[in-house]
Amino acid sequence: DARVTQTPRHKVTEMGQEVTMRCQPILGHNTVFWYRQTMMQGLELLAYFRNRAPLDDSGMPKDRFSAEMPDATLATLKIQPSEPRDSAVYFCASGRGQPNYGYTFGSGTRLTVV
Amino acid sequence: AQSVTQLDSHVSVSEGTPVLLRCNYSSSYSPSLFWYVQHPNKGLQLLLKYTSAATLVKGINGFEAEFKKSETSFHLTKPSAHMSDAAEYFCVVSVASGYSTLTFGKGTMLLVSP
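Every value quoted in this text rests on a predicted model; they were computed, and no experiment measured them.

Draft legend 1. Region of the structure containing the pairing of strand β8 (residues 74-79) of chain A. Residues and elements named next belong to chain A. Bridge count between strand β3 (residues 19-24) and β8: 5 bridges; the pairing is antiparallel. Opposite C23, over in β8, you have A75 as the bridge partner. Pairing of strand β7 (residues 65-71) with β8 involves 5 bridges; the strand directions are antiparallel. Bridge assignment links E68 to a residue of β8, and that residue is T76. Taking the residues that link successive antiparallel strands as the turn, the β7-β8 hairpin has 2 residues.

Dropping the structure here:
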């Protein structure tokens, strides 16, 4: 089965450091989401790309988070500087842009900021 | 706008008994609806999806869900619970418009006892 690949799976970093999370969407998928999952807030949408163009990043703290798709095979989510409240699991999902096809999630990056 | 309400944060069943996880949705357009499952420390796996075809949808692992427009519901059921079904389940809504994200419910934790 085709998979969405996220790296790294786990990341522990010190407060103030830059963190970069990567996502390889399924080949042929033109839609990419970034979600953050915490116990308190559940699953929150951070960013949404269609054909590599950002359609919505209103869920991201703009002063420290940035999301890009440098090419169709790579999506990145950066946090600079990181803070302890950023500790969460970050999921990437990809799809074909129409909900009836469904969306496939990666295994997530578990980020711990100490 | 779209939203999802999962009516129970926790559901406890005994192995071999039926499972019912409740979900109500709100959507300005015809919705696509999904159920995802998340096992502990794992990613999100698609169980099943409704996309305006048959209202009774069959998914993996013996789960099914029925779309009821009049009740704005999409409840997930399984005739007989297995220990391996213990996980968190998310009801998700999306719409087939030009801009469509996935809106998640808060999740229902399914506990299965021997």
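Draft legend 2. The arrangement of the interface of chain B and chain A in detail. Contacts between chain B and chain A engage 21 residues on the former and 21 residues on the latter. Between chain B and chain A the total buried area reaches about 1,700 Å² when both faces are included, carbon and sulfur atoms providing 56% of it. Contributing elements (two or more residues each) for the side of chain B that touches chain A: β5 (31-38), β6 (44-50) and β10 (87-95) of chain B. The biggest single contributor to the side of chain B that touches chain A is β5 of chain B, with 4 residues.

Draft legend 3. Layout of the pattern of salt bridges. Residue and element names in this part refer to chain A. Taken as a whole, this structure holds 8 salt bridges over all chains when the rule is applied. In this structure, the salt-bridge partner of R36 is E44, at a minimum N-O distance of 3.4 Å. For E44, a relative accessible area of 25% puts it in the partly exposed group. Measuring nitrogen to oxygen at the nearest pair gives 2.5 Å for the salt bridge that ties R85 to E83.

Draft legend 4. Layout of the side chain of E88 of chain B. One can find E88 of chain B in strand β10. Despite being buried, E88 of chain B has no salt bridge partner; R110 of chain A is the closest side chain of opposite charge, sitting 10 Å away. The contact partners of E88 of chain B, leaving out residues within four places of it in the chain, are Y36, V37, Q38, K106, G107, T108 and M109 of chain B.

About the criteria used
Residues numbered from 1 in each chain as written. Chains lettered and ligands numbered in written order. Predicted model: local features only at pLDDT ≥ 70, side-chain atom pairs only at ≥ 80, totals over all residues. Heavy atoms only, no water. Pairing = 2+ DSSP bridges. Helix = DSSP H or I, 4+ residues; strand = E, 2+ residues; numbered from the N terminus. Contact = heavy atoms within 4.5 Å. Buried area = accessible area lost by both parts, 1.4 Å probe. Salt bridge = Lys/Arg side-chain N within 4 Å of Asp/Glu carboxyl O. Buried < 20%, exposed > 50% of the residue type's maximum accessible area, 1.4 Å probe, protein only. Lys, Arg positive; Asp, Glu negative; His and termini not counted.

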